[in-house]
Amino acid sequence: MCGIVGYIGNKDAYPILINGLKKLEYRGYDSSGIMLYDKKASVKKAKGKVSDLEVLYKNGKEQKGCIGIGHTRWATHGPPNKINSHPHLSNSGDLSLIHNGIIENYDALKAILSKKGYLFKSETDSEVLVNLIEEVKKTKKVKLGKAVLLALKQVVGAYAIVVFDSTNPTEIVTAKLGSPLAIGVGDSEYYIGSDPSPFLEFTKRCIYLNDHEMAIISLKKGLTLREIKKDSIIDPYIENLKHNIEEVEKGGYAHFMLKEIFEQPQSIKDTFRGRLLSQSLPIKISSIEEHFNKFKSATRIIFISCGTSWHASLLGEYFFEELLRIPVEVEYASEFRYRNPIINKGDIVIPISQSGETADTLAAVKMAKKRGAFLYGICNVVGSSIARETDTGIYTHAGSEIGVASTKAFSCQISLLLLMALDIGNRMNTIEEKRYKRVLKELSNLPETIEKVLSSAKKAESIANKFLKASNFLYLGRGYNFPIALEGALKLKEISYIHAEGYPAAEMKHGPIALIDKNMPVVVIATKKGNYQKVVSNIMEIKAREAEVIAIVSEGDKEIEVIADHFIEIPECDELIAPILANIPLQLLSYYIADKKGCDVDQPRNLAKSVTVE
Ligand code: G6P
């Protein structure tokens, strides 16, 4: 986590840095800081959001300096206060550093440096690193670039760092292992970001640093890229980005989350583009075409992921087992990577990740790769670490997702999983033709159907008003709707801080029913088909215990509309499509409850969009 920005060139650095930090705030917002160089380095830090830092700079007009670095923090070592904020200075005050990641052996390094007389003001691992670089620079009598390279050889852990030396104020040095880092290339100027959003408005030419790479960026000599382990020079590969700036603006919506919920029809269109050409043409997914034999002979598919992407994986299991008849397992990446799992030849491992940077998922990918699995990645961020580590895969094309709580990326993940399962199942003959055609037709109309579901936003808003004082919620669903119950509950707790639990509806009797009384609202996903009648019985059992029921039902359902206290309709559809639609009113419900409670919807406390530490 944490967001890092940097600038070196001929423009005023301050506006670039502060606006860049605002764009990266989704990566952490416990505290922030900036170092600007104008004849001397000056550092300002503030606890809280980037807007709190901005206050210290008044209107920013006085801020001179064409070199600077900035950081927005998600606390790992030490509480979120001013002292622990970045940039960190070395003991001499010459070096300043920003860091995203964790230095695992910082304790040992700190002990060595302390013996040599170094003093530490903060509790952070990052302050240890800047002093280690200073120590190497001093004792080896080398320039900053070499000192960074030698120091990093002693470091165990993950980092994206930017370092500046005020005794040689014409260059900055940056390096990466594990955490993401992008460099924007302008005309005689360079930008640095944890992702390209801070510099997209200035340049679309971007170098993504790979692990074990560092760049020395000099006003005099331009950019030199080095491989850290071999200490060799490499040719940079400059990508021309296709992102557009509007994607990272709110476009008239009160929050990114609301904008992203309403963008779902378009995101799904983008995800299906070139793949689902029409309901009468075969699905075209090149990575499946190319590797179909792997799927055909697969003995097992293992999904690995975290958070919302784990819920997508769970639904993936339901889709894939139903339509492919291949055994599927779903694993939390954080468990999988540490539990010595059995991976056989013939296993396909599918990591799912919006950011493509989640540390646990990335580590699980690396481990599965080492053990010989075939890796098929599903990521949203193009060029992300997981996308690059996997053998092949597919992008979701949901567009930039800024709201910390995932909405459109999840919808694209589950729609794409269904499209993939249909394609592979059709090729393997494990799906009945009539069903294949029916579901494909519904998938082709999905963007329009979702538009229709979004028109229930007002209803979700009025229901939300009634539950602002609730302190617990239960979410129930069965079959394909069970992963959606989990996701609905997660969405509510993430942004409204109301405790919520998702459960398979039938499991309610084995515990949660003890909690049900008039103070426990229960959201039930009760779409037609599947186990509809059994879910109706569950609703009766809940009503018998006086809880208020909010039901997500199929259009025209008269039975549940009579027994539930509140209901939202979704169009009647195949049971494979229902979870994709049912999820949308739940997103809206969480959004309106959180917003009306006055919560920070886009940046909920303690969370971060991209969890690049384990
Ligand atoms: C964080 C985010 C979640 C996300 C999870 C996995 O916890 O707040 O919204 O689902 O990470 O992220 P990924 O990028 O791997 O999908």
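Residues numbered from 1 in each chain as written. Predicted model: local features only at pLDDT ≥ 70, side-chain atom pairs only at ≥ 80, totals over all residues. Heavy atoms only, no water.

### Some points on helix H12 (residues 359-370)
So, point 1. Between the first and last C-alpha of H12 there are 17 Å, a value that for twelve residues agrees with the 16 Å anticipated at 1.5 Å per step.
So, point 2. Most of H12 sits out of view: nine of its twelve residues are buried.
So, point 3. All buried positions along H12 are accounted for by Ala359, Asp360, Thr361, Leu362, Ala363, Ala364, Val365, Met367 and Ala368.
So, point 4. In the core, the buried residues of H12 are packed alongside strand E16 (300-305), helix H11 (333-336), strand E18 (347-353), strand E19 (374-379) and helix H13 (385-389). (Helix = DSSP H or I, 4+ residues; strand = E, 2+ residues; numbered from the N terminus. Expected span 1.5 Å × (residues − 1). Buried < 20%, exposed > 50% of the residue type's maximum accessible area, 1.4 Å probe, protein only. Contact = heavy atoms within 4.5 Å.)

### Remarks on the sheet that holds strand E14 (residues 232-234)
So, point 1. Reading across the sheet, the seven strands line up as E5-E6-E7-E8-E12-E13-E14 and stay open at both edges, with antiparallel pairing between neighbours. The sheet is open, and its two edges are formed by strand E5 (88-89) and E14, each paired on a single side.
So, point 2. In this structure, strand E13 (residues 222-227) lies alongside E14, joined through three bridges in antiparallel fashion. For arginine 226, the partnering residue across the bridge sits in E14 and is isoleucine 233.
So, point 3. Packed onto the sheet, helix H5 (residues 144-152) meets strand E6 (95-103), strand E7 (157-165), strand E8 (171-177), strand E12 (213-218) and E13 and runs at close to 160° relative to E7. (Pairing = 2+ DSSP bridges. Axes fitted to C-alpha atoms, helices over the stretch in contact; angles between N-to-C directions.)

### Some words on the layout of surface pockets
Over the atoms, a rolled probe matching the size of one water molecule traces out where space is still vacant.
So, point 1. There is about 570 Å³ of room inside the second largest pocket.
So, point 2. Going through the elements one at a time, E6, E7 and H12 are the ones with two or more residues in the lining of the second largest pocket.
So, point 3. The element contributing the most residues to the lining of the second largest pocket is H12, with six residues.
So, point 4. The residue makeup of the lining of the second largest pocket, split by class, is nine nonpolar, five polar and seven charged.
So, point 5. Shared between two domains, the lining of the second largest pocket takes at least three residues from each, and those domains are domain 1 (3-247) and domain 2 (250-454). (1 Å grid on protein atoms, 1.4 Å probe; cavity = no way out; pocket = protein on both sides within 12 Å on 5 of 7 lines; lining within 4 Å. Points joined across faces, edges and corners; volume = space filled by probe spheres on them. Nonpolar A, V, L, I, M, F, W, Y, C, P; charged D, E, K, R; others polar. Domains from an automatic or database assignment.)

### Here's the deal with empty space enclosed by the protein
So, point 1. If you walk through the whole model with that rule in mind, you get one cavity of 30 Å³ or more.
So, point 2. There is about 50 Å³ of room inside the largest cavity.
So, point 3. Lining the largest cavity, in full, are Cys2, Arg73, Thr76, His77, His86, His99, Gly101, Thr124, Asp125 and Ser126.
So, point 4. Looking at the lining of the largest cavity, the elements that each hand over two or more residues are E6 and helix H4 (125-140).

### Thoughts on the domain arrangement of the chain
So, point 1. Considered domain by domain, the chain is made up of domain 1 (3-247), domain 2 (250-454) and domain 3 (455-603).
So, point 2. Taken residue by residue, the interface counts 41 residues in domain 2 and 36 residues in domain 3.
So, point 3. Taken together, both faces of the contact between domain 2 and domain 3 bury some 3,200 Å²; the carbon and sulfur share is 67%.
So, point 4. The closest approach of N and O atoms between aspartate 574 and arginine 438, which form a salt bridge, is 2.8 Å.
So, point 5. Secondary structure elements with two or more residues in the side of domain 2 that touches domain 3: helix H6 (256-262), helix H10 (307-324), helix H14 (408-428), helix H15 (433-444) and helix H16 (446-454).
So, point 6. Of all the elements, H10 adds the most residues to the side of domain 2 that touches domain 3, at ten residues.
So, point 7. Within the side of domain 2 that touches domain 3, the residues separate by chemical class into 23 nonpolar, eleven polar and seven charged. (Buried area = accessible area lost by both parts, 1.4 Å probe. Salt bridge = Lys/Arg side-chain N within 4 Å of Asp/Glu carboxyl O.)

### As for the sheet that holds strand E15 (residues 239-240)
So, point 1. What the eight strands build is an open sheet, ordered E3-E2-E4-E1-E10-E9-E11-E15; its pairing is antiparallel. Edge positions in the sheet fall to strand E3 (40-47) and E15, since each has one partner strand and no second.
So, point 2. With eight bridges connecting them, strand E2 (residues 31-38) and E3 associate as antiparallel partners. When the bridges of E3 are listed, methionine 35 appears paired with valine 43.
So, point 3. Against the sheet, helix H1 (residues 13-24) makes contact with strand E1 (3-8), E2, strand E4 (67-73) and strand E10 (190-193), and its axis sits at roughly 160° relative to E1, the strand it touches most.

### Topic: the environment of isoleucine 525
So, point 1. Mapped onto the secondary structure, isoleucine 525 falls in strand E23 (residues 522-526).
So, point 2. Expressed as a C-alpha distance, the spacing of isoleucine 525 and leucine 446, which sit 79 residues apart in the sequence, is 19 Å.
So, point 3. Apart from residues lying up to four places away in sequence, isoleucine 525 is in contact with Leu476, Gly477, Asn481, Ile484, Ala485, Val535, Ile552, Ala582 and Leu586.

### With respect to the pairing of E19
So, point 1. Among the six residues of E19, six are classified as buried, and the element is accordingly described as predominantly covered.
So, point 2. Every second residue of E19 is oriented toward a common face, with Phe374, Tyr376 and Ile378 on one face and Leu375, Gly377 and Cys379 on the other, all of them buried.
So, point 3. In this sheet, E19 lies alongside E18 in parallel orientation, the contact comprising four bridges. Counted as the bridge partner of serine 353 is cysteine 379 from E19.
So, point 4. Handedness of the crossover joining E18 and E19 through H12 is recorded here as right-handed. (Right-handed = clockwise from strand over helix to strand, strands pointing away.)

### A closer look at the site of the ligand
So, point 1. Lining the immediate environment of the ligand, one finds 14 residues, of which Ser309, Ser353, Gln354, Ser355 and Thr358 sit closest.
So, point 2. The separation between an oxygen atom of the ligand and a polar main-chain atom of glutamine 354 is 2.7 Å.
So, point 3. A total of 390 Å² of accessible area belongs to the ligand in isolation, and the protein chains cover 90% of it. (Near = heavy atom within 4 Å. Polar contact = N/O pair within 3.5 Å; in protein donor to acceptor, adjacent residues only side chain to side chain. Areas by Shrake-Rupley, 256 points an atom, 1.4 Å probe, with all protein chains shown as cover.)

### Examining the pattern of salt bridges
So, point 1. Applying the stated rule across the entire model yields 33 salt bridges.
So, point 2. With a shortest N-O distance of 3.0 Å, glutamate 263 and lysine 259 are connected by a salt bridge. Just as glutamate 263 is buried, lysine 259 falls in that class too.
So, point 3. Between lysine 408 and glutamate 263 there is a salt bridge; the shortest N-O distance is 2.7 Å. Taken as a pair, lysine 408 in helix H14 and glutamate 263 in the loop between H6 and helix H7 (264-272) lie far apart in primary sequence, 145 residues in all. Here the two residues lysine 408 and glutamate 263 agree in accessibility, since each one is buried.
So, point 4. A cluster of three or more residues bridged by salt bridges with shared partners is formed by Lys284, Glu289, Asp423 and Arg427.

### Here we look at the nonpolar core
So, point 1. If you look at the biggest cluster of nonpolar residues, it comprises 96 residues, and the most contacted ones within it are Ile301, Phe320, Tyr376, Phe473 and Tyr475.
So, point 2. Built from parts of two domains, this core gets at least three residues from each of domain 2 (250-454) and domain 3 (455-603).
So, point 3. Counting residues in hydrophobic clusters, the runner-up holds 30 residues, among them Leu109, Val128, Ala147 and Met214. (Core = buried A, V, L, I, M, F, W, Y, C linked by side-chain atoms within 4.5 Å.)

### Quick notes on the environment of serine 297
So, point 1. By the secondary structure assignment, serine 297 is in the loop between helix H9 (292-296) and E16.
So, point 2. The exposure class of serine 297 is exposed, given its relative accessible area of 53%.
So, point 3. A polar side-chain atom of serine 297 sits 2.8 Å from the main-chain carbonyl oxygen of asparagine 293.

### Comments concerning the environment of glutamate 572
So, point 1. If you trace the backbone, glutamate 572 turns up in the loop between strand E25 (566-570) and helix H21 (578-596).
So, point 2. The class for glutamate 572 is partly exposed, based on a relative accessible area of 47%.
So, point 3. In this structure, the C-alpha to C-alpha distance between glutamate 572 and glycine 556, residues 16 residues apart in sequence, is 8.4 Å.
So, point 4. Leaving out residues up to four positions away in the same chain, glutamate 572 has contacts with Lys528, Lys529, Ser554 and Glu555.

### Some words on the packing of aromatic side chains
So, point 1. Evaluated as defined, the whole model comprises 14 aromatic pairs.
So, point 2. Summarising the aromatic geometry, the rings of tyrosine 318 and tyrosine 480 are spaced 6.1 Å apart at their centres and angled 65° between planes, so their arrangement reads as edge-to-face. Of the two residues, tyrosine 318 sits in helix H10 while tyrosine 480 sits in the loop between strand E21 (472-477) and helix H18 (482-496), which places them 162 residues apart along the sequence.
So, point 3. You can call tyrosine 318 partly exposed: its relative accessible area is 28%.
So, point 4. Accessibility expressed as a relative area gives 10% for tyrosine 480, which makes it buried.
So, point 5. An aromatic cluster of at least three residues, connected via ring pairs, comprises Tyr7, Tyr191, Phe199 and Phe202.
So, point 6. Directly above the ring of phenylalanine 292 sits arginine 427, whose terminal nitrogen or CZ lies 5.9 Å from the centroid. (Phe/Tyr/Trp six-rings, centres within 6.5 Å; stacked < 30°, edge-to-face > 60°. Lys NZ or Arg CZ within 6 Å of the ring centre and 35° of its normal.)

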